[in-house]
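An overview of the molecular structure
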Amino acid sequence: MMKEKILATLAAAGISDWRLVRSALRREERYFVGSALEQARSVDEEKYSLTVYVDSESEGKKYRGEATVSLQPSLSSSEIQRKISVAAMAASKSKNPYFELPGPSESPTSLPPSGFSMLGRRSRIEIPKASLFAAEKDLAPQARINSLELFVTQEEREFLNSKGQAFASSGWKGYSEFFVEAVSPSGPVELFDDVEFSEPDALRLAQAVGDRLAQVVDRTRAKPLPNVGRIPVILRGKEAEELFGWFFDNATTSMVFMKASTFALGANVQLPASPSTQSPASSVRDPLEIWAEPCIPGLAASAAFDPDGYPLERRRVLKDGILETFTGSIRHADWLGVQRTGAYSLFSVAPGPMKLEAMRAKPHLEPLLFSDFRLDTVTGDFGAEIRLAYWFDGKERIPVTGGSISGSMVELRPTMVRSAERALASRSLCPVAVLLDRVSITSAV
Amino acid sequence: MWVQRGFVFRAQKEGAVAEYALPHLELQDLGQAGISALADQISGNLDALFYQPGVMRYPPIPDEELKAEFHGSIDEDPFAADPETLLSRLSSLREKLTDGKLVVMAHSRYECVDVSRIFISPRRELFQSFAWSQAYLFGVARSGQTSKMSYRAVSGRKGLEILSTLESSLDSLREELASLTKAIKIEPGEYEVIFDPDVAGTLAHEAFGHGVETDMFLKGRAKASEYLGKRVGSDLVTMYDGAAEVDHSGSFLFDDEGRSSTRTKIIDKGILLGGISDSLSALALGIPLTGNGRRQAFSHKAYARMTNTYFAPGASSLEEMIGSVKNGWFLSRLNAGMEDPRNWGIQLICMVGREIVDGKFTGRVASPVICSGYVPDVLKAIDMVSSDFALAGSGACGKGHKEYVKVSSGGPYVKTRMRLG
């Protein structure tokens with residue numbers, strides 16, 4: 001009904017090019033304090049995102065403007081009309097070089113159905129809940145879950161555009177954030193983590209909580225980070241993923257078009273900064289291989305098409321540190337004059353040359369949890385305060401807390417080394433660790 | 001994220017509380033029978049949620065009689081303004097900042113959100129309508145392959161009038177970007193620091209804003225609950241949170257649970273007084289309801305959240321504060337902050353640090369600067385507070401890593417000691 005109203009309004013307004021995405025969600029939410037249920041919520045949502053395109057010509061050159069509006073199902077016909085009219089006006093003011101919308105096409109990627117679709121309504125929330133709480137008994141009474149939030153969402157999406165591209169998808173997204181705690185001589189300590197999932201994968205969910213429960217026990221013994229001098233830093237998990245993500249994000253058409261990225265096709269993006277200090281490719285210690293992935297089983301952002309409706313297939317982005325292809329929005333690809341590949345949410349990184357245990361053989365600092373790790377995609381600067389790390393002084397692996405690290409991807413990219421082991425992270429399948437030299441370490445004392 | 005329209009039904013039965021949110025209620029032409037059927041469907045959804053294993057039970061949610069409304073006003077209505085003029089002002093900002101040599105990329109943005117909320121319960125009917133705006137100018141300066149970024153931001157329960165403030169900041173941003181291309185890495189260590197009001201406000205926000213959200217008390221996650229009535233800062237530290245009594249991005253008439261806005265004095269001359277509450281944690285703990293129950297959207301849960309959070313002004317001038325620094329940094333352009341209510345760690349990331357030695361700026365600039373420390377140590381080390389007062393409310397505050405709401409924070413310039421890296 002709403003869709004028909006929108007399409008009729010577009011036709012009446014004479015808007016010939018558009019893209020409409022409908023998203024309908026049904027979400028179950030549970031909020032726990034310890035094992036008690038603080039509150040249960042159920043949410044239905046329906047959203048429409050409409051993009052209108054308005055073309056113009058100036059001095060023989062064709063331009064295309066665009067504007068996107070959110071439309072809610074409670075809007076009246078006159079409200080829809082007014083919103084579309086404002087969007088068309090805004091689109092007429094944004095003049096960018098012309099680009100074609102994708103027409104009808106099949107995607108070479110097919111997404112496997114989620115295991116959630118085989119479960120009944122109650123089991124969809126009870127199975128992840130039981131899995132997340134399962135690890136608690138292994139570490140009781142030393143450590144426990146303080147609080148946990150669990151969300152399981154079913155999303156149905158429908159895409160259509162004025163060129164006849166149309167497809168629908170249905171998927172499941174789970175999310176849980178949790179705090180675990182243990183008691184130290186100076187009082188309780190805690191650690192935070194969250195996990196996104198698209199499958200009721202009991203093992204993965206139990207491990208996510210179990211790892212943090214074990215670590216929070218170590219935090220009870222943690223000492224303030226002493227002055228450890230300049231030793232290598234091993235970044236793990238989501239933080240390692242962010243470092244790889246810096247390469248993936250800087251290899252996108254929008255970043256390059258906006259001059260926010262300096263990456264160029266055919267260039268070794270792991271070489272040091274300026275031409276005056278240019279080093280031979282052999283100076284890159286661990287040349288990277290990164291792939292753009294439409295689908296990674298277990299990750300909810302898997303998609304057969306990108307947000308513009310462009311079909312996605314697996315593509316190699318970096319090989320031996322050399323940038324082989326840009327990914328990203330098709331309009332920016334056209335404006336750069338490069339091949340259209342589409343915008344990907346997911347990527348994978350090939351296994352590295354060094355086992356995690358080998359990385360740990362020499363003195364190092366291995367942070368496992370930060371307050372809020374930040375890596376700026378444009379500047380490459382990163383850093384954060386440490387909540388829990390292990391300091392290996394050559395003899396002992398000592399839990400430490402406090403202090404911070406900071407560094408720059410621009411400087412560290414030639415010398416970083418990946419681990420051979422890989423695991424699912426938030427938006428990738430990537431090495432579980434990265435070894436970094438020359439990271440600045442600030443002590444807590 | 002901010003554009004939303006929907007309904008949330010909250011019900012309490014035998015103490016348990018459940019919520020059902022939905023985007024649309026088709027009431028037109030329903031008739032009494034249709035409305036009854038819809039009500040049955042909604043209560044059916046809620047009923048299914050009440051009877052969950054291990055559900056917590058709360059005292060009855062208070063519902064004192066109240067009818068109130070608030071209609072905000074702005075000077076320049078962006079929804080009525082000529083879009084060409086707005087576009088031209090924003091384009092001009094971007095073009096003036098980008099010189100193609102040093103500043104390789106710039107980005108200007110203005111957004112205004114018109115908020116209308118209704119709260120209805122058996123004995124309360126509340127309505128509020130107001131607009132808030134925020135505008136940004138970002139620039140990226142590049143030297144070789146080294147890129148540095150900075151910004152100016154303005155915000156408030158205002159309209160297009162905020163743009164003139166942004167326009168007047170263009171020259172200072174250009175100069176700052178030029179200085180950042182020569183930025184050094186700070187030598188890790190503990191320093192004297194002066195925070196500008198935005199960074200100081202974020203210190204307040206992260207230290208004893210999140211730390212006194214009373215749903216953290218209920219979970220046993222707030223160390224602050226053990227320190228009520230005890231010293232947590234120097235005599236110069238007085239701190240507030242409240243949607244009432246100041247007018248900025250976090251101001252409103254009533255919160256998302258229908259409680260009237262208030263102002264809470266959290267710290268008085270260094271002594272921790274109390275927290276800010278959502279209804280359910282306050283009821284469970286038997287503490288005052290402060291009107292801080294807020295949702296990211298109709299579809300999200302209400303949590304105890306901050307509104308406008310700030311240090312009270314002191315008596316020093318900024319010049320006196322700079323003059324008193326032997327070896328330290330003046331820190332501005334907040335990038336991010338993060339709380340640690342259980343263990344009182346703190347992280348602030350600033351994009352610009354300006355070195356001060358023997359009371360004078362040396363001209364050296366560092367970027368980014370990561371500040372960390374133990375919250376009571378940082379607040380007890382506050383030895384000067386300026387008489388200025390400014391709030392900033394661009395961006396959004398998350399609870400952990402989600403649940404974003406509009407807030408402001410700020411106050412005076414503050415001088416303390418922190419570990420920098």
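Residues numbered from 1 in each chain as written. Chains lettered and ligands numbered in written order. Predicted model: local features only at pLDDT ≥ 70, side-chain atom pairs only at ≥ 80, totals over all residues. Heavy atoms only, no water.

1. What to know about the overall build of chain A
Helix and strand counts for chain A stand at 10 helices and 23 strands. Relative to the compact-globule value of 22 Å for 445 residues, chain A shows a C-alpha radius of gyration of 25 Å, a close match. Along the longest, intermediate and shortest principal axes, the C-alpha atoms of chain A span 75 × 60 × 35 Å. The proportion of buried residues among the 445 residues of chain A is 59%. Contacts in chain A between residues far apart in sequence, at least 24 positions, make up 71% of those at least 6 positions apart. Only carbon and sulfur atoms are counted for the fraction: they give 53% of the accessible area of chain A, which is about 17,600 Å². In chain A, 53 side chains carry a positive charge and 56 a negative one; their mean positions are 1 Å apart. (Helix = DSSP H or I, 4+ residues; strand = E, 2+ residues; numbered from the N terminus. Rg over C-alpha atoms; globule rule 2.2 N^0.38 Å. Buried < 20%, exposed > 50% of the residue type's maximum accessible area, 1.4 Å probe, protein only. Contact = heavy atoms within 4.5 Å. Areas by Shrake-Rupley, 256 points an atom, 1.4 Å probe, with all protein chains shown as cover. Lys, Arg positive; Asp, Glu negative; His and termini not counted. Charge placed at Lys NZ, Arg CZ, Asp CG, Glu CD.)

2. Notes on the overall build of chain B
Helix and strand content of chain B: 9 helices and 23 strands. Since a compact globule built from 421 residues should have a radius of gyration of about 22 Å, the 23 Å found for chain B is in line with a globular shape. Taken along the three principal axes of its C-alpha coordinates, chain B extends 75 × 55 × 35 Å. Buried positions account for 58% of the 421 residues belonging to chain B.

3. Topic: the state of the cysteines
The term disulfide refers to a covalent linkage connecting the sulfur atoms of a pair of cysteines. Tallied over the entire structure, the rule returns 0 disulfides over all chains. With no disulfide partner, B:Cys371 has as its closest neighbouring cysteine sulfur the one in B:Cys350, 4.4 Å distant. (Disulfide = S-S within 2.5 Å.)

4. Let's talk about the interface of chain B and chain A
Taken together, the 68 residues of chain B in the interface contact 75 residues of chain A. Overall, the association of chain B and chain A removes approximately 6,000 Å² of surface from exposure, summing both partners, and the carbon and sulfur fraction of that is 50%. In terms of surface lost to chain A, no three residues of chain B exceed B:Arg5, B:Gln145 and B:Lys301, which account for 11% of the buried area on that side. At the junction of chain B with chain A, the criterion picks out 11 salt bridges. The closest approach of N and O atoms between B:Arg221 and A:Glu190, which form a salt bridge, is 2.8 Å. Here the side of chain B that touches chain A gets 6 residues from one element, more than from any other, and that element is strand β2 (residues 16-22) of chain B. By residue class, the composition of the side of chain B that touches chain A is 31 nonpolar, 21 polar and 16 charged. The pairing of strand β2 (residues 36-58) of chain A with β2(B) spans 4 bridges and is classified as parallel. Bridge pairing in β2(B) places A:Ser42 opposite B:Tyr20. (Buried area = accessible area lost by both parts, 1.4 Å probe. Salt bridge = Lys/Arg side-chain N within 4 Å of Asp/Glu carboxyl O. Nonpolar A, V, L, I, M, F, W, Y, C, P; charged D, E, K, R; others polar. Pairing = 2+ DSSP bridges.)

5. Re the sheet that holds strand β10 (residues 290-293) of chain A
All names here are of chain A. Strand order in this open sheet of 6 strands is β12-β11-β10-β13-β21-β20, and the pairing throughout is mixed. Only two strands of the sheet have a single partner each, and these edge strands are β12 (322-323) and β20 (422-424). Pairing geometry for β20 and strand β21 (residues 428-431), over 3 bridges, is antiparallel. The partner of Leu-424 across the bridge, within β21, is Leu-429.

6. Regarding helix α5 (residues 202-219) of chain A
In a regular helix each residue adds 1.5 Å, so 18 residues correspond to 26 Å; α5(A) covers 26 Å between its end C-alpha atoms and thus fits that length. The element α5(A) is extensively covered by neighbouring structure, given that 13 of its 18 residues are classed as buried. (Expected span 1.5 Å × (residues − 1).)

7. Thoughts on a nonpolar patch on the surface
A surface patch of nonpolar side chains, about 220 Å² in accessible area, is lined by B:Leu27, B:Leu30 and B:Ile35. Given the relative accessible area of 31%, B:Leu30 is considered partly exposed. (Patch = residues over 30% accessible without salt bridge, like charges linked within 9 Å, V, L, I, M, F, W, Y side chains within 5 Å.)

8. Observations regarding helix α1 (residues 31-50) of chain B
For α1(B), which comprises 20 residues, the first-to-last C-alpha distance of 29 Å matches the rise-based estimate of 28 Å (1.5 Å per residue) to within 8%. What α1(B) keeps buried is the set B:Gly34, B:Leu38, B:Ile42, B:Asn45, B:Leu46, B:Leu49 and B:Phe50. Buried positions along α1(B) lie against β1 (17-33), β2 and α3 (121-134) of chain A together with β1 (7-13) and β2 of chain B.

9. Focus: empty space enclosed by the protein
The tally for this structure, following the rule as stated, stands at 3 cavities of 30 Å³ or more. Taken as a whole, the largest cavity encloses approximately 80 Å³ of empty space. Lining the largest cavity are 13 residues, and of these A:Trp246, A:Thr262, A:Val378, B:Gln145 and B:Ser147 sit closest to its centre. Tallied by class, the residues present in the lining of the largest cavity amount to 5 nonpolar, 6 polar and 2 charged. What lines the second largest cavity is A:Arg30, A:Phe32, A:Leu37, A:Ile125, A:Glu126, A:Lys129, B:Gln52 and B:Pro53. When contributions to the lining of the second largest cavity are tallied by element, the ones reaching two or more residues are β1 and α3 of chain A. A total of 3 residues in the lining of the second largest cavity trace back to one element, the largest contributor, which is α3(A). By residue class, the composition of the lining of the second largest cavity is 4 nonpolar, 1 polar and 3 charged. (1 Å grid on protein atoms, 1.4 Å probe; cavity = no way out; pocket = protein on both sides within 12 Å on 5 of 7 lines; lining within 4 Å. Points joined across faces, edges and corners; volume = space filled by probe spheres on them.)

10. Some details on the sheet that holds strand β19 (residues 390-392) of chain B
Residue and element names in this part refer to chain B. The mixed open sheet is built from 6 strands, whose spatial order is β10-β9-β8-β13-β22-β19. The outermost strands of the open sheet, each flanked by one partner alone, are β10 (271-272) and β19. Sheet analysis places β19 next to strand β22 (residues 408-411), joined by 3 bridges and oriented antiparallel. By the bridge assignment for β22, Ala-390 is matched with Gly-411. Each of β8 (239-242), β9 (263-268), β10, β13 (308-311), β19 and β22 touches helix α5 (residues 197-208); the most contacted strand, β22, lies at about 115° to it. (Axes fitted to C-alpha atoms, helices over the stretch in contact; angles between N-to-C directions.)

11. Some thoughts on the layout of surface pockets
By volume, the second largest pocket is sized at about 720 Å³. Lining the second largest pocket are 34 residues, and of these A:Pro224, A:Thr401, A:Gly402, B:Asn343 and B:Tyr374 sit closest to its centre. Secondary-structure elements contributing two or more residues to the lining of the second largest pocket are β7 (187-197) and β16 (381-392) of chain A together with β17 (369-374), α9 (375-380) and β23 (414-420) of chain B. Per-class residue counts for the lining of the second largest pocket are 12 nonpolar, 12 polar and 10 charged.

12. Points about the nonpolar core
Counting 57 residues, the largest nonpolar core has B:Phe195, B:Phe208 and B:Leu420 as the members making the most contacts within it. Sequence-distant contacts of B:Phe195, that is, excluding residues within four places in its chain, are made with B:Ala200, B:Leu203, B:Leu331, B:Leu348, B:Cys371, B:Tyr413, B:Val414, B:Thr416 and B:Met418. In terms of nonpolar packing, the next biggest core, distinct from the first, is built from 48 residues, A:Ala240, A:Leu323, A:Ala389 and A:Met416 among them. (Core = buried A, V, L, I, M, F, W, Y, C linked by side-chain atoms within 4.5 Å.)

13. With respect to unusual backbone geometry
Residue A:Pro141 is reached from A:Ala140 by a cis peptide bond, and omega for that bond is 0°. With respect to the secondary-structure elements, A:Pro141 resides in the loop between α4 (136-139) and β5 (143-161). With an omega of -15°, the peptide bond running from B:Ser367 to B:Pro368 counts as cis. Within the element layout of this structure, B:Pro368 appears in the loop between β16 (360-366) and β17. At B:Lys269, a residue that is not glycine, the phi angle is positive and equals roughly 50°. As for its placement among the helices and strands, B:Lys269 is situated in the loop between β9 and β10. Here B:Lys269 falls in the exposed class, since its relative accessible area comes to 52%.

14. Here's the deal with the environment of A:Ala292
All names here are of chain A. In this fold, Ala-292 is placed in strand β10. Taking the relative accessible area as the measure of exposure, Ala-292 reaches 0% and is therefore buried. For the pair Ala-292 and Leu-336, spaced 44 residues apart in sequence, the C-alpha separation works out to 19 Å. Beyond its immediate chain neighbours, meaning those up to four positions away, Ala-292 contacts Phe-248, Glu-313, Arg-314, Arg-315, Val-317, Thr-327, Tyr-344, Leu-346 and Phe-347.

15. Focus: the domain arrangement of chain A
All names here are of chain A. Once the domains are mapped, chain A shows domain 1 (2-219) and domain 2 (224-442). Note on domain 1 versus domain 2: buried area summed over both sides is about 2,600 Å², and carbon and sulfur give 58% of it. Taken together, the connections running from domain 1 to domain 2 amount to 4 salt bridges. Residues Arg-19 and Asp-308 are paired through a salt bridge, measuring 2.7 Å at the closest nitrogen-oxygen approach. For the pair domain 1 and domain 2, the number of links is 16 residue pairs in polar contact (both at pLDDT 80 or more). Listed by contribution, the elements that provide at least two residues to the side of domain 1 that touches domain 2 are β4 (96-97), β5, β6 (166-184), β7 and α5. Looking at which element gives the most residues to the side of domain 1 that touches domain 2, the answer is β7, with 6 residues. (Domains from an automatic or database assignment. Polar contact = N/O pair within 3.5 Å; in protein donor to acceptor, adjacent residues only side chain to side chain.)

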